[in-house]
Amino acid sequence: MDEKGFMDWLSQHTNAELCMEAFRSQKQFFRVNTLKTGVAAFQKATRLRCRQTRYYDAAFELDEELQIGKTWEYFLGLIHPQSLPSILVSLALAPGPTDVVLDAASAPGSKFSHLAMLMDNRGVLVGNDLKEEKISALYSTINRLNVLNCITTMKDAARLGWKERFTKILLDAPCTALGSGPAAYLRWNPDHSKKISYTQKRLLFSAFDALKPGGELVYSTCTYAKEENEDVVADLLRNVPKAEQVAVGLDVPHDKGQGEYGETCYRIYPHHLLSEGFFMAKIRKAG
Amino acid sequence: MANISGKEKNFRKFIERHFGMTLPEGVQIFYAKGVRVGNTDITKSQLTGELGYAACDFGFNPTNPFIQNFGHLATRNVVRLKQEAEARDFAAGKDLVMDLGTKSKQLIMRYKDYTVGLGYYDAQQKKVQNQIPKKRTREIVNEL
């Protein structure tokens, strides 16, 4: 799709001009890995020019032009480059040290390692992905950031086959990634979203099956298409009586979701946080 | 998910003897497709999969991730690099020429308070061979 077509489409969702401008001036963010250092200790020791975000103590904005992957801090596993909305997804799930957590599509492991951090490397964190090369990328993150509470599996997330095993589940679904950068729309058209929506619905049903009664699930994508976001969530809520929508509960700038079940969903556009675009919804299993 | 306590004991003995290293409470060594390190909760769970991450091979050659993550606990066979340039070279995957005596052995390379990686001192060639996997090496662009 060309830029004009995309802008017209995006205007149906948000302020397209503002969104595209913010897209182009995105900031670099990273997360301090408290599995290897403390936030205060990092701030004392680092020579990186950065500042703490107001939304989360361990999230920092880089104030210099630098490839984070080539810094000492990255090499030593003290930090992990991650967009701010991506950091917020794990905070929305908010797992603790006694939880049994599934990250159903976990590679390359940014949110996964953040979940481990929130769990203080205790409890059980299962990281799943479909392909060997994805699992390999996940291992690399596990190794560098010292994730100790993990079990990795290689399953089709649409057919997990786990019944009521997890207290918390993150499903960061494969998507058209329109929120990931200004060029994403060039390889996109609305049919792509319709096609992938079917897969996303299957993934969500499978993940929900694996959730214990009383457990919570966060569904997220880095795209804007309603077919991949609110429609997927609505499909579960309409068809599974035990599925209940709950508030995401984060105090960050966002737009509400669209449609019948959009009220408690978060749409984070680039102009909200000067970072990539994200969607998230939180669902509880009654029990 | 077998936890063979005798083998775990042997690994703990090895790291204690060679590196003077005692692992913190809650960290467990177990044998499941190799010697792995994880927390105690995952071994109690009924879930199957790859547990934790690789700690060493069966010949007690520790992995670089294990050393990078637990090397700060070591009190023996640690080389403290004095120059940042040396540490940078080691992070980039280069061997370091140095005379550390007549006995070849595994070493932990440290700079300031940080473990840069695992090395193997070759006494014949008088150099520390870099044991950091190629994929993990980096040309570092900033100062520590």
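Residues numbered from 1 in each chain as written. Chains lettered and ligands numbered in written order. Predicted model: local features only at pLDDT ≥ 70, side-chain atom pairs only at ≥ 80, totals over all residues.

**So, the domain arrangement of chain A**
Residues and elements named next belong to chain A.
And then number 1: Each assigned domain of chain A is listed here: domain 1 (3-26 + 83-285) and domain 2 (27-82).
And then number 2: Look at where the C-alpha atoms of domain 1 and domain 2 centre, and you get two points 23 Å apart.
And then number 3: Between domain 1 and domain 2, the contact holds 19 residues from the first and 14 residues from the second.
And then number 4: The element contributing the most residues to the side of domain 1 that touches domain 2 is helix α6 (residues 110-118), with 5 residues. (Domains from an automatic or database assignment. Contact = placed C-beta atoms within 7 Å. Helix = DSSP H or I, 4+ residues; strand = E, 2+ residues; numbered from the N terminus.)

**Describing the sheet that holds strand β1 (residues 29-32) of chain A**
All names here are of chain A.
And then number 1: With respect to topology, 4 strands assemble into an open sheet ordered β2-β3-β1-β4, the strand pairing being antiparallel. Only two strands of the sheet have a single neighbouring strand rather than two, namely β2 (50-52) and β4 (79-81). For this sheet the average axis-to-axis angle between neighbouring strands, irrespective of direction, equals 30°.
And then number 2: For β1 and β4, the ladder comprises 3 bridges, and the chain directions are antiparallel. For Arg31, the partnering residue across the bridge sits in β4 and is His80. (Pairing = 2+ DSSP bridges. Axes fitted to C-alpha atoms, helices over the stretch in contact; angles between N-to-C directions.)

**Section: the domain arrangement of chain B**
All names here are of chain B.
And then number 1: Along its sequence, chain B is organised into domain 1 (5-71) and domain 2 (77-132).
And then number 2: Opposite the 7 residues of domain 1 that make contact, domain 2 presents 9 residues.
And then number 3: Among the elements that line the side of domain 1 that touches domain 2, the one with the most residues is helix α3 (residues 64-70), at 3 residues.
And then number 4: Classifying every residue of the side of domain 1 that touches domain 2 gives 3 nonpolar, 4 polar and no charged. (Nonpolar A, V, L, I, M, F, W, Y, C, P; charged D, E, K, R; others polar.)

**Looking at the interface of chain B and chain A**
Many analyses report the size of an interface as the accessible area lost when the parts associate.
And then number 1: Of the residues lining the interface, 26 residues belong to chain B; the matching set on chain A comes to 28 residues.
And then number 2: Elements that contribute at least two residues to the side of chain B that touches chain A include exactly β2 (35-39), α2 (40-44), β3 (50-51) and α3 of chain B.
And then number 3: Here the residues of the side of chain B that touches chain A sort into 12 nonpolar, 8 polar and 6 charged.
And then number 4: With 2 bridges joining them, strand β7 (residues 150-153) of chain A and β3(B) adopt antiparallel strand pairing. Looking at the pairing, A:Ile151 lines up with B:Leu51 of β3(B).

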